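Chain by chain, the residues:
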Amino acid sequence: MTRFFVILAVLFPILTAAAETLEPDTLEATTIHAEEGRAPAQYALGEHFRSLGENREAHQWYEKAAEQGHTEAQFMASRTAIHGVDWSDNPIIYSEQMRLTEEKEFYWLQLAAEGGLAAAQVEYAREFWSGRQVESSLEEAALWFRKAAEQGHREAQRQTAANYQFGIGVDQDYAEALRWYRELGAAATIGQYYEYGLGVEQDYEEALFWYRKAAGLNPDGLRPDGTPGEDALRAGTRGSKTAFLALARFYENGWAVSANPELAMDIYRVLAEDEDRESMRHLARIYGEGNFVPRDARKSAEWAFRALRGDDMNLFDLLGMVLLPLYDPEDTAEPMEKTFHLAAEDGEAWAQWLLSGHSKYSQGDMEPDTDAALRWLEAAAEQGHPLASFALGQRYLEGDGVEQDDERAASLLYTTIESVQSRHDLIRQGSHTPEELSENRDHVVASRWFLGRGAPQGDLFSMCGLAILQASFTSQHFTEPEEIYQWAFIAEARGLPVPEQMMERLAEQFPSEAAEEGKRRAEAWLEANPE
């Protein structure tokens, strides 16, 4: 009955909030009206009993009012439906009770949403996101979020603005997104729309107005020249970081204000001290360029390293975590090395990056070949592979296996920053497709190489590596499950053990028909390509 208690935990704040307990005289009169069948009184009794924590009694009164078309009661009947059941300890009976309860929840929710209740419309929209009781539809979700937004529901307005900004269930429309951000009074976001010219003409003065508004600057917090004082700066950046970061850009570049790079540096430093990674990236750039501060490669490299040390690097695939642990090196060392060396010598940066961290070169019981590891790392970094650039930059920053070189470290680490930033920009602006976001990711590039060269040549590790890659990144990949199964079966037929965990994952994700079709394709391939 785990799910039952999880649902109770989720509903508890809803079932205890904003309900009104009736005074004795009022309760008596309300009960009389409720028993006479008056829906508002029945709803009021539901609220009374909910305020007392008597949710079963509350549900009964909500449902009576709901049956008469009372929209608020319909919504609460949906919310409290779980309390209207005598739950069985028998798993089979319990499962059926849960199914019927979920249907009843959805029934009342749908009526409340169609009756125009904004809170119900938001929940109804989420149902189209989840596909729990209806077929999943981003378009329907967007429609119901907008209905609630038009009634002033703040959460729905935020989601509707995001829907238009990113094209979720609607055509992307920056002007419409901006309209909803105005409804919300989202000053920093409005400033961004004017700064970048999204849905409006680019206007730095208007952007500056909204950024200052978002930063909460007032006459007491301004210097005589109109710039924020130190107290306002430190207090404000703990609030709207977006706005203060934008102000720093404006003061640095002299957009709609007199250039004040010293103030920009103050803002960047304060934000960076609060672990803001974008500010760290700006500091790395500024010290690297040396335009209005003395150029300092060491500081540039240190700020770049701090900016990259956190979650940003998760934007890129640690491909070795997928491939390398799945094989016993004693059984597969030769095909693994053969495949990776072939790809690396072909100039594939992902393979060069993997070889730089291979146990033969950098770890394990055997004497590591650090020269080879460094050679492959340099080769991958030279092609701009972000993880290789980051790792090599850290080596030069710390003098780890190489002569310490701040200039080289700064160059490598800032190259990585630019790779990360370009991806951030795509995500932030919503001007991307899944293919654009994954185009240069290791698993896509490696999979194409496996498919185009290694696997067709009959290399066993390439076949299985391709299958593993495609299985591990199925949600982000363009390959159909039948093709994953095909390469797995081919590798297995040629004597290369396929990891059980991969086959189990495939079986969980895809219908048995996909395995059958994959096996048929594998048999056809094996017949056409005899050993």
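Residues numbered from 1 in each chain as written. Predicted model: local features only at pLDDT ≥ 70, side-chain atom pairs only at ≥ 80, totals over all residues. Heavy atoms only, no water.

Undergrad: Explanation requested: the overall build of the chain in the structure shown.
TA: Looking only at helices and strands, the chain features 30 helices and zero strands. For the chain, the proportion of its 531 residues judged to be buried stands at 49%. For the chain, long-range pairs separated by at least 24 residues make up 56% of all intrachain contacts whose partners lie at least 6 apart in sequence. (Helix = DSSP H or I, 4+ residues; strand = E, 2+ residues; numbered from the N terminus. Buried < 20%, exposed > 50% of the residue type's maximum accessible area, 1.4 Å probe, protein only. Contact = heavy atoms within 4.5 Å.)

Undergrad: Sorry, what's going on with the pattern of salt bridges here?
TA: Side chains that differ in charge, positive against negative, can pair when their charged atoms come close. In this structure the tally under the stated criterion is 26 salt bridges. In this structure, the salt-bridge partner of Arg146 is Glu150, at a minimum N-O distance of 3.0 Å. Measuring nitrogen to oxygen at the nearest pair gives 3.0 Å for the salt bridge that ties Arg146 to Glu176. One end of the pair, Arg146, is in helix α8 (residues 138–149); the other, Glu176, is in helix α10 (residues 174–184), with 30 residues separating them in the sequence. (Salt bridge = Lys/Arg side-chain N within 4 Å of Asp/Glu carboxyl O.)

Undergrad: Just checking my understanding: could you explain helix α6 (residues 91–114) for this structure?
TA: Helical geometry note: an α-helix holds 3.6 residues per turn, so side chains three or four residues apart project in the same direction. Between its terminal C-alpha atoms α6 stretches 34 Å, which fits the 34 Å expected from 24 residues at 1.5 Å a residue. The set of residues buried in α6 consists of Tyr94, Gln97, Met98, Thr101, Glu102, Glu105, Phe106, Trp108, Leu109, Ala112 and Ala113. Put simply, Asn90 is the residue that caps the front of α6, since its side-chain oxygen is 2.9 Å from the backbone nitrogen of Ile92. One or two steps after α6, the chain reaches Gly116, where phi turns positive at roughly 100°. (Expected span 1.5 Å × (residues − 1). Polar contact = N/O pair within 3.5 Å; in protein donor to acceptor, adjacent residues only side chain to side chain.)

Undergrad: Help me understand the confidence of the model for the chain, please; the structure alone is not making it clear to me.
TA: Put simply, the chain has an average pLDDT of 80, and 72% of its residues get 70 or more. Note on residues 314–318: pLDDT under 50 across the span, and 16 contacts to partners over four residues away in sequence or across chains. Note on residues 471–478: pLDDT is under 50 here. Beyond four places in sequence and across chains, it has 23 contacts. (pLDDT = per-residue confidence, 0-100.)

Undergrad: Sorry, what's going on with the environment of Gln42 here?
TA: Its place among the elements puts Gln42 in helix α3 (residues 39–51). According to the relative accessible area criterion, Gln42 is buried, its value standing at 5%. Sequence-wise, Gln42 and His70 are 28 residues apart; in three dimensions their C-alpha atoms are separated by 9.6 Å. Among the polar contacts made by the side chain of Gln42, one reaches the side chain of Gln68 at a distance of 2.8 Å.

Undergrad: How should I be thinking about helix α15 (residues 261–273) in this particular structure?
TA: For α15, built from 13 residues, the straight-helix expectation of 18 Å at 1.5 Å per residue is met to within 8% by its first-to-last C-alpha distance of 18 Å. Buried residues of α15: Pro261, Leu263, Ala264, Met265, Ile267, Tyr268, Val270, Leu271 and Ala272, and no others.

Undergrad: Whenever I open this one, the packing of aromatic side chains confuses me. Can you help?
TA: Centre distance and the angle of the planes are the two values used to describe a pair of aromatic rings. All chains considered together, the criterion is met by 16 aromatic pairs. Ring geometry for Tyr107 and Trp108: centres 4.9 Å apart, planes at 65°, overall edge-to-face. Among the residues examined, Trp108 registers a relative accessible area of 6% and is labelled buried. Seen in terms of ring centroids, Tyr204 and Trp255 are 4.8 Å apart; in terms of plane orientation they differ by 10°. Their pairing is stacked. (Phe/Tyr/Trp six-rings, centres within 6.5 Å; stacked < 30°, edge-to-face > 60°.)

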